[in-house]
Amino acid sequence: MNYFESEYFKYKGYQLFCENVPLIEIADQQSTPTYVYSNKFFIDRYKEFDKAFAGLDHQIFFACKSNFNLSVIKTFVDAGSGVDVNSEGELFRALKAGASPKKIIMSGVGKTKNEIKLALENDLLMIKAESEEEILLINEIAGSLNTKARVAIRVNPDVDAKTHPYISTGLAKNKFGVDAATALRLFKLKKDLKNIKYTGIDMHIGSQITKVEPFVEAIEKLGELFQKVKSEGISLEHIDLGGGIGVAYNNEKTFSAEEFSNAVSPILKKLNCKVFFEPGRFLTANGGVLIAQVLYTKKNHDKNFIITDGAMNDLLRPSIYGAYHHIQPLTLTKDKKDITADVVGPVCESGDFLAKNVQITECKRGEFIAVLSAGAYGMVMSSNYNMRRRPAEVLVSGNNFKVVRRRESFESLLKDEIDLL
Ligand code: LLP
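Every value quoted in this text rests on a predicted model; they were computed, and no experiment measured them.

Caption draft 1: Representation of unusual backbone geometry within the structure. Between Thr 32 and Pro 33 the backbone carries a cis peptide bond, its omega angle lying at -5°. Residue Glu 19 is not a glycine yet carries a positive backbone phi of 50°. By secondary structure assignment, the location of Glu 19 is in the loop between strand S2 (15-18) and strand S3 (21-22). Accessibility expressed as a relative area gives 11% for Glu 19, which makes it buried. Positive phi, normally seen in glycine, also occurs at Asp 335, with a value near 60°.

Encoded structure:
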């Protein structure tokens, strides 16, 4: 099998390390399944992105939906990032993690009245509106709070991001944003919307996009709209490109932050405005692994199964998107052969797998594995299905590691029910 290594997760001797900490030490101390993140990865990736766009007046807003652990959000906030939140709950987390409301933006195709109210009361940098009805509601709520809402309109540019259909968002058939003609009409409503100040145009065309072309195409469309809005006498401050930058899970060819910048900066420069980005996966995916222990191995009708204590409720991506996450042992052993196997969990569904038909070093009961690229859309999409406690989360920094979320207890999972019995 192939062993994947990076500066942040690599074998030293026989052991797989995260920075300077052997993962086996974390498995022993915290038990499994447990998410482990590299703090250095997060900071390096943030700096890489920030540096690539140094030539533009820009701001990064970490899309905390990809990993909303308070300590992870705080790492980005401390590095200078703003935060993109998609719900009241994410706003609650971003504020708890110490993000300044002036650097928080709120997304969401279906914001509730309360979410809009909270965004205004907390004086967030801006709300991204996705429909006429939402804009009218924001205007009304801002009026009742005696404030002026800073609003951007999310445009659906109708471009094909060429990614998994579930995470493609910029096509005409997707529920997100409004078309450019509608956006222009909504911008022109400005004079009737006394409690709204329009600040920009936004997009987010999808996730795990591995080519720059869809971005270029969409940005060109947004640029045209930006100029049209301007020629109507409405001045906007920013253009927001959303997130979506893809990463390598296996051996996909992706693009670097610098390549991204080289492709899009010339178009953006002409607009002469601030540029916002909302990367999630790019900043977190390859900074995390899920470690799990092999409970049993078996052969069933000639098919090999490795049954681990990590399951679909811990990492859902393989089950719902057929996503590939490379799996390798925490400890290398000599003279072991490779087998083809499904790596599965204890959940009562055939859809419960972490990998299907993969080449993997034969492993035995009690050994540990690492599921790679699990720093984005891992823990945040976990559940308590089968009344399984969600994993602990550990943040490694150099020689040290810190538990940044304890494994849940059964008591805590029952606390909202027990009094009602
Ligand atoms: N901004 C908005 C408005 C978004 O909806 C998203 C992601 C992002 C930014 C960040 O996108 P990223 O840079 O992470 O691609 N659960 C799926 C991914 C769903 C992405 C949803 N929106 C997965 O596991 O692949």
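Additional details are given in the paragraphs that follow.
Caption draft 2: A look at the sheet that holds strand S1 (residues 9-12). Taken together, three strands build an open sheet; the order of strands is S1-S2-S3 and the sheet is antiparallel. Here the strands that pair on one side only, and so sit at the sheet edges, are S1 and S3. In terms of strand pairing, S1 meets S2 through four bridges, oriented antiparallel. Pairing of Tyr 11 across the sheet is with Leu 16, part of S2.

Caption draft 3: Representation of the pattern of salt bridges within the structure. The full count for this structure, using the stated rule, is 21 salt bridges. Among the salt bridges present, the one from Lys 111 reaches Glu 134, with a minimum N-O distance of 2.5 Å. Taken together, the residues Lys 111 in the loop between strand S7 (104-106) and helix H5 (113-121) and Glu 134 in helix H6 (residues 132-144) connect sequence positions 23 residues apart. Looking at Lys 111, the relative accessible area reads 10%, which means it is buried.

Caption draft 4: Summary view of the packing of helix H8 (residues 213-231) against helix H9 (residues 257-271). Packing of H8 against H9 leaves a shortest axis separation of 10 Å and a crossing angle of 5°. Classified by the interaxial angle, the pair formed by H8 and H9 is roughly parallel. Across the interface between the two elements, Phe 215, Val 216, Ile 219, Glu 220, Gly 223, Phe 226 and Gln 227 from H8 touch Phe 260, Ala 263, Val 264, Ile 267, Leu 268, Lys 270 and Leu 271 from H9. Residues that form the contact of H8 with H9 fall into these classes: 10 nonpolar, two polar and two charged.

Caption draft 5: Looking closely at the site of the ligand. Neighbouring the ligand are 18 residues; Ser 207, Glu 278, Arg 317, Tyr 321 and Tyr 377 lie closest to it. Gly 280 has a polar backbone atom sitting 2.9 Å from an oxygen atom of the ligand. Coverage of the ligand by the protein chains reaches 91% of its 590 Å² of free accessible surface. Here the residues of the shell around the ligand sort into six nonpolar, six polar and six charged. Per-domain counts for the shell around the ligand show at least three residues from each of domain 1 (9-38 + 285-418) and domain 2 (107-279).

Caption draft 6: The arrangement of the packing of helix H2 (residues 39-52) against helix H3 (residues 70-79) in detail. Interhelical geometry of H2 versus H3 gives an angle of 40° and a closest axis separation of 10 Å. Put simply, H2 runs oblique to H3. When you trace H2 past H3, the crossing you get is right-handed. Along its contact with H2, which presents Asn 39, Phe 42, Ile 43 and Tyr 46, the element H3 presents Val 72, Thr 75, Phe 76 and Ala 79. Here the contact of H2 with H3 is built from residues that sort into six nonpolar, two polar and no charged.

Caption draft 7: Local environment of the domain arrangement of the protein chain. Segmentation of the protein chain into domains returns domain 1 (9-38 + 285-418) and domain 2 (107-279). Each of domain 1 and domain 2 has a C-alpha centre, and these two points are 36 Å apart. Contacts between the two partners involve 10 residues from domain 1 and, on the opposite side, eight residues from domain 2. Carbon and sulfur atoms make up 55% of the surface buried where domain 1 meets domain 2, a total of about 740 Å² over both sides. At the junction of domain 1 and domain 2, the tally comes to zero salt bridges. Between the two partners, domain 1 and domain 2, sit two residue pairs in polar contact (both at pLDDT 80 or more). Residues of the side of domain 1 that touches domain 2, tallied by class, amount to five nonpolar, four polar and one charged.

Caption draft 8: Structural view of the nonpolar core. With 117 residues, the main nonpolar core has Leu 23, Tyr 198, Phe 215 and Phe 260 as its most contacted residues. The leading source of residues in this core is H8, at eight residues. There are two domains that each give this core at least three residues, and those are domain 1 (9-38 + 285-418) and domain 2 (107-279). Among residues more than four places away in sequence, those in contact with Tyr 198 are Ile 135, Val 151, Ile 153, Leu 186, Phe 187, Lys 190, Leu 193, Ser 235 and Leu 236.

Caption draft 9: A look at the packing of aromatic side chains. Going through the model one piece at a time under the given rule, you end up with 21 aromatic pairs. Between the aromatic rings of Tyr 3 and Tyr 11, the centroid separation amounts to 5.7 Å while the plane-to-plane angle is 85°, which identifies the pairing as edge-to-face. Classification of Tyr 3 by relative accessible area gives partly exposed; the value is 35%. Considering the side-chain rings of Tyr 37 and Phe 42, the 6.0 Å spacing of their centres and the 45° angle between planes classify their relative orientation as tilted. For the pair formed by Tyr 37 and Phe 42, the shared burial category is buried. Cluster of aromatic residues (ring-pair linked, three or more members): Tyr 8, Tyr 35, Tyr 37, Phe 41, Phe 42, Tyr 46, Phe 62 and Phe 76. The ring of Phe 282 is capped by Arg 45, whose NZ or CZ atom sits 3.8 Å from the centre of that ring.

Rules used in this analysis
- Residue numbers restart at each chain and count upward from 1, following the sequence in its written direction.
- Local features in this predicted model are restricted to residues whose pLDDT is 70 or higher, and side-chain atom pairs enter the listing and the counts only when it is 80 or higher, whereas totals over whole chains, interfaces and linings include all residues.
- Where side-chain values are given, they derive from all heavy atoms of the structure, hydrogens and water being excluded.
- A run of H or I in DSSP counts as a helix once it spans at least four residues, and a run of E counts as a strand once it spans at least two, with each numbered from the N terminus.
- Relative accessibility decides the category of a residue: with a 1.4 Å probe and only protein chains considered, values under 20% of the type maximum give buried, values over 50% give exposed, and everything between is partly exposed.
- By the convention used here, strands pair only if DSSP detects at least 2 bridges between them.
- The term salt bridge refers to a side-chain nitrogen of Lys or Arg lying within 4 Å of a carboxyl oxygen of Asp or Glu.
- Lines are fitted to the C-alpha atoms to define the axes, a helix being fitted only along its stretch in contact, and any angle between axes, read from their N-to-C directions, falls within 0 to 180 degrees.
- Working rule for angles: under 35 degrees goes down as roughly parallel, over 145 as roughly antiparallel, 65 to 115 as roughly perpendicular, anything else as oblique.
- Note on contacts: a residue pair qualifies if any of its non-hydrogen atoms lie within 4.5 Å across the two residues.
- Side-chain classes follow a simple rule in which Ala, Val, Leu, Ile, Met, Phe, Trp, Tyr, Cys and Pro form the nonpolar group, Asp, Glu, Lys and Arg form the charged group, and the remainder, Gly included, forms the polar group.
- A cutoff of 4 Å decides nearness: a residue is near a molecule or strand if any of its heavy atoms lies inside that distance of it.
- Definition of a polar contact: a pair of N or O atoms within 3.5 Å, with one able to donate and the other able to accept a hydrogen when the atoms are protein atoms, and with sequence-neighbouring residues admitted only if both atoms are side-chain atoms.
- Note on areas: Shrake-Rupley with a 1.4 Å probe; residue coverage comes only from the protein chains shown.
- Residue ranges assigned to each domain were obtained from an automatic or database domain assignment.
- In this scheme the handedness of a crossing depends on how the near helix is turned from the far one: anticlockwise by less than a right angle means left-handed, clockwise means right-handed.
- In short, buried area is how much 1.4 Å probe accessible area vanishes from two parts on joining, totalled over both.
- What is meant by a nonpolar core is a set of buried Ala, Val, Leu, Ile, Met, Phe, Trp, Tyr and Cys residues, joined one to another through side-chain atoms within 4.5 Å.
- Planes of paired rings set the category: under 30 degrees apart is stacked, over 60 is edge-to-face and the rest tilted, where pairs are Phe, Tyr or Trp rings (Trp by its six-membered ring) whose centres lie within 6.5 Å.
- Our definition puts a charge over a ring when NZ of Lys or CZ of Arg is within 6 Å of the ring centre and also within 35 degrees of the ring normal.

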